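# Observations on the model geometry
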Amino acid sequence: MTATTTTTTPRRPKPAALTLTPAAEARIAELMDRAPEGAIGVKLSTPRRGCSGLAYSVDYVTEETRFDEKIETPGGTFYVDGASILYLIGSRMDWKEDDFAAGFVFENPNAKGVCGCGESFTI
């Protein structure tokens with residue numbers, strides 16, 4: 001009888017569902033510096049709301065959820081809601097500030113349309 005050996009190829013790390021710009025990472029660090037007691041990170045989700053159907057929502061999170069994607073940034077942990085990942089694959093998240101507004105801005109290749117105010121999108 002001959003013995004067979006099996007070798008396992010190491011898995012390469014899977015790419016993140018979305019990428020964060022340095023400005024977005026810096027904003028996450030600012031948010032974590034003044035986070036409420038018990039916050040372990042910041043989480044992006046896409047709840048159903050707005051005139052186009054889905055909206056981007058960024059909130060503090062106090063516990064990890066099993067299917068959330070976890071992205072370590074220099075300023076803190078960023079989570080992507082597990083139920084939202086399919087809507088966000090390939091997206092880019094940035095932080096923009098000007099004289100009139102400040103907020104996270106998303107480039108989402110999955111969005112088929114956005115509302116006029118830019119607050120919601122449709123897939």
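Residues numbered from 1 in each chain as written. Predicted model: local features only at pLDDT ≥ 70, side-chain atom pairs only at ≥ 80, totals over all residues. Heavy atoms only, no water.

## Quick look at the sheet that holds strand β1 (residues 18-20)
Applied cut-off: The criterion for strand pairing is that DSSP finds at least two bridges linking the strands in question. Here a helix means four or more residues in a row that DSSP labels H or I, a strand means two or more in a row labelled E, and each is numbered from the N terminus. As a rule, the C-alpha atoms of each element are fitted with a line to give its axis, helices using only the stretch in contact, and angles between N-to-C directions run from 0 to 180 degrees.
Reading across the sheet, the three strands line up as β1-β7-β8 and stay open at both edges, with mixed pairing between neighbours. Of all strands in the sheet, those with a lone pairing partner are β1 and β8 (102-107), marking the two edges. Each neighbouring strand pair of the sheet contributes to a mean axis angle of 25 degrees, computed without reference to strand direction. Relative to β8, strand β7 (residues 91-97) is paired through six bridges, and the arrangement is antiparallel.

## Overview of the nonpolar core
The tendency in soluble globular proteins is for nonpolar side chains to be buried as a group. Our working definition: Residues grouped as a nonpolar core are buried Ala, Val, Leu, Ile, Met, Phe, Trp, Tyr and Cys residues, joined through side-chain atoms within 4.5 Å. To sort residues, take the accessible area from a 1.4 Å probe on protein chains only and compare it with the maximum for the residue type: under 20% means buried, over 50% means exposed, and anything in between is partly exposed.
In this structure, Leu18, Leu20, Leu44, Phe78, Val80, Met93 and Phe104 are the most contacted members of the largest nonpolar core, which totals 21 residues. At the level of secondary structure, the elements contributing two or more residues to this core comprise β1, α1 (22-33), β2 (41-45), β6 (76-80), α2 (85-88), β7 and β8. Ranked by the residues each element gives to this core, the list is headed by α1, at four residues.

## Some points on the packing of aromatic side chains
Heads up, the rule is: What counts as a ring pair is set by centres within 6.5 Å for rings of Phe, Tyr and Trp (its six-membered ring), and what kind of pair is set by the plane angle: stacked under 30 degrees, edge-to-face over 60, tilted for all other angles.
The tally for this structure, following the rule as stated, stands at two aromatic pairs. Each ring, one from Tyr56 and one from Phe106, has its centre 3.9 Å from the other, and the planes form 15 degrees; the classification is stacked. Taken together, the positions of Tyr56 in the loop between β3 (54-55) and β4 (57-61) and Phe106 in strand β8 put the pair 50 residues apart, joining distant regions of the chain. Judged by relative accessible area, which is 19%, Phe106 ranks as buried.

## Comments concerning α1
The following threshold applies: The span one expects for a helix is its residue count, reduced by one, times 1.5 Å.
Taking 1.5 Å per residue, twelve residues should reach 16 Å; α1 reaches 16 Å between its end C-alpha atoms and fits that length. Buried within α1 are the following residues: Ala24, Arg27, Ile28, Ala29, Leu31 and Met32.

## Quick word on the environment of Ile71
We apply this condition: Note on contacts: a residue pair qualifies if any of its non-hydrogen atoms lie within 4.5 Å across the two residues.
Mapped onto the elements, Ile71 comes out in strand β5 (residues 69-73). Along the sequence, Ile71 and Ala16 sit 55 residues apart, while their C-alpha atoms lie 7.1 Å from each other. Not counting residues within four places of it along the chain, the set of residues in contact with Ile71 comprises Ala16, Leu18, Leu20, Gly76, Thr77, Phe78 and Val80.

## Quick notes on the side chain of Ser57
Rules: Under this definition, polar contacts are N or O atom pairs within 3.5 Å; protein pairs additionally need one hydrogen-donor-capable and one acceptor-capable atom, and for neighbouring residues in sequence, both atoms have to be side-chain atoms.
Within the secondary structure, Ser57 sits in strand β4. Accessibility expressed as a relative area gives 11% for Ser57, which makes it buried. One polar contact links Ser57 to Asp59, side chain to side chain, over a distance of 2.8 Å. Apart from residues no more than four positions distant in its own chain, Ser57 is found in contact with Lys43, Leu44, Ser45, Pro47 and Arg49.

## Digging into the sheet that holds β4
Pairing within the open sheet is mixed, and its four strands lie in the order β4-β2-β6-β5. Whereas interior strands pair on both sides, the edge strands pair on one side only; in this sheet they are β4 and β5. With strand direction ignored, the average angle separating the axes of adjacent strands in the sheet is 25 degrees. Looking at chain direction, β2 and β4 are connected through five bridges and run antiparallel. Along β4, the bridge assignment pairs Val42 with Tyr60. Across the sheet, α1 touches β2, β4, β5 and β6, and the angle it forms with β2 is around 125 degrees.

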